[in-house]
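In case you want the letters, here they are:
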Amino acid sequence: MKKLLLSFVFLFTLLSGWSLSDKLSSGPRDVSPVQVQSGNPFIFFNAHRQGYSSIGLMWRISNSDNIISFQVQRSYDGEFFDLISDLPCNAFTQKFNWKDDNVFPGYIYYRLAANLMDGSIIYSEVQVVHIVQK
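Please read these numbers as outputs of a predicted model, since none were measured by experiment.

Draft legend 1. The arrangement of the nonpolar core in detail. Membership of the largest hydrophobic core comes to 23 residues, with the highest contact counts inside it found for Ile55, Leu57, Trp59, Ile61, Phe70 and Tyr110. Put simply, the parts of the chain that give this core at least two residues each are β1 (42-50), β2 (54-61), β3 (67-75), β5 (95-100), β6 (106-116) and β8 (127-131). When residues in this core are grouped by element, the largest group, five residues, is from β6. Setting aside residues up to four positions removed in sequence, Ile55 forms contacts with Ala47, His48, Arg49, Gln50, Trp98, Lys99, Asp100, Val103, Ile108, Tyr110, Val129 and Ile131.

Here it is as structure tokens:
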């Protein structure tokens, strides 16, 4: 009976293309990066864990002439993002930092939205951080 069950699992794995190594290494969901739009101001965007319960965001832009503000957006599934902060864009600054102290364990996805003067929005790439429970 055990051999029959193992044979079935092996056959299913072979036919479906599923592999154990895929599942063991599959941390966060694959996130399709937002397509880069022309005039994208984001040069650099990084999200990193700070301790066990905070995440630091850092980004740099090429030019702040056309940007009114930034929206920091967070998601726990990589698909649906919530606005967690709205930051004004200082015309004299090209480097920005922000800290998220309100996170739960798991994979957390971040992106930025640059609100432009003409009413359009340009999104950054998505960054993923893993918070483990202490």
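Draft legend 2. Local environment of a nonpolar patch on the surface. The grouping of Ile43, Phe44 and Met58 at the surface amounts to a nonpolar patch, some 270 Å² of accessible area in total. One can find Phe44 in strand β1. On the accessibility criterion, Phe44 (40% relative accessible area) is partly exposed.

Draft legend 3. Structural detail: the pairing of β2. Counted residue by residue, β2 has six buried out of eight residues, so it is predominantly covered. Across eight bridges, β1 lies against β2 in antiparallel orientation. Residue pairing in the sheet places Arg49 in a bridge with Ile55 of β2. Hairpin connection from β1 to β2: three residues lie between these consecutive antiparallel strands, with Gly51 at a positive phi of about 75 degrees. Of the strand pairs in this sheet, β2 and β5 are connected by six bridges, and their pairing is antiparallel. Its bridge partner lying in β5, Gly56 is registered against Lys99.

Draft legend 4. Inspection of the sheet that holds β5 at higher detail. Spatial strand order, β1-β2-β5: three strands in an open sheet with antiparallel pairing. Only two strands of the sheet have a single neighbouring strand rather than two, namely β1 and β5. Put simply, the sheet's adjacent strands are angled 15 degrees from each other on average, direction ignored.

Draft legend 5. Main features of the environment of Asp77. Here Asp77 lies in the loop between β3 and β4 (82-88). Using a relative accessible area of 28% as the deciding quantity, one classes Asp77 as partly exposed. As for Asp77 and Tyr107, which are separated by 30 residues in sequence, their C-alpha atoms are 7.8 Å apart. Polar side-chain contacts of Asp77 include one of 2.8 Å to the side chain of Ser75.

Draft legend 6. Spotlight on the packing of aromatic side chains. A full pass over the atoms with the stated rule returns five aromatic pairs. Taking the centre distance of 6.1 Å and the plane angle of 50 degrees together, the rings of Phe42 and Phe70 count as tilted. One end of the pair, Phe42, is in strand β1; the other, Phe70, is in strand β3, with 28 residues separating them in the sequence. For Phe70, a relative accessible area of 0% translates into the label buried. Here the basic side chain of Arg111 rests over the ring of Phe81, its NZ or CZ set 4.2 Å away from the ring centre.

Definitions and cut-offs
- Residues numbered from 1 in each chain as written.
- Predicted model: local features only at pLDDT ≥ 70, side-chain atom pairs only at ≥ 80, totals over all residues.
- Heavy atoms only, no water.
- Core = buried A, V, L, I, M, F, W, Y, C linked by side-chain atoms within 4.5 Å.
- Buried < 20%, exposed > 50% of the residue type's maximum accessible area, 1.4 Å probe, protein only.
- Helix = DSSP H or I, 4+ residues; strand = E, 2+ residues; numbered from the N terminus.
- Contact = heavy atoms within 4.5 Å.
- Patch = residues over 30% accessible without salt bridge, like charges linked within 9 Å, V, L, I, M, F, W, Y side chains within 5 Å.
- Areas by Shrake-Rupley, 256 points an atom, 1.4 Å probe, with all protein chains shown as cover.
- Salt bridge = Lys/Arg side-chain N within 4 Å of Asp/Glu carboxyl O.
- Pairing = 2+ DSSP bridges.
- Axes fitted to C-alpha atoms, helices over the stretch in contact; angles between N-to-C directions.
- Polar contact = N/O pair within 3.5 Å; in protein donor to acceptor, adjacent residues only side chain to side chain.
- Phe/Tyr/Trp six-rings, centres within 6.5 Å; stacked < 30°, edge-to-face > 60°.
- Lys NZ or Arg CZ within 6 Å of the ring centre and 35° of its normal.

Everything listed is a geometric property; what it means functionally is a separate question.
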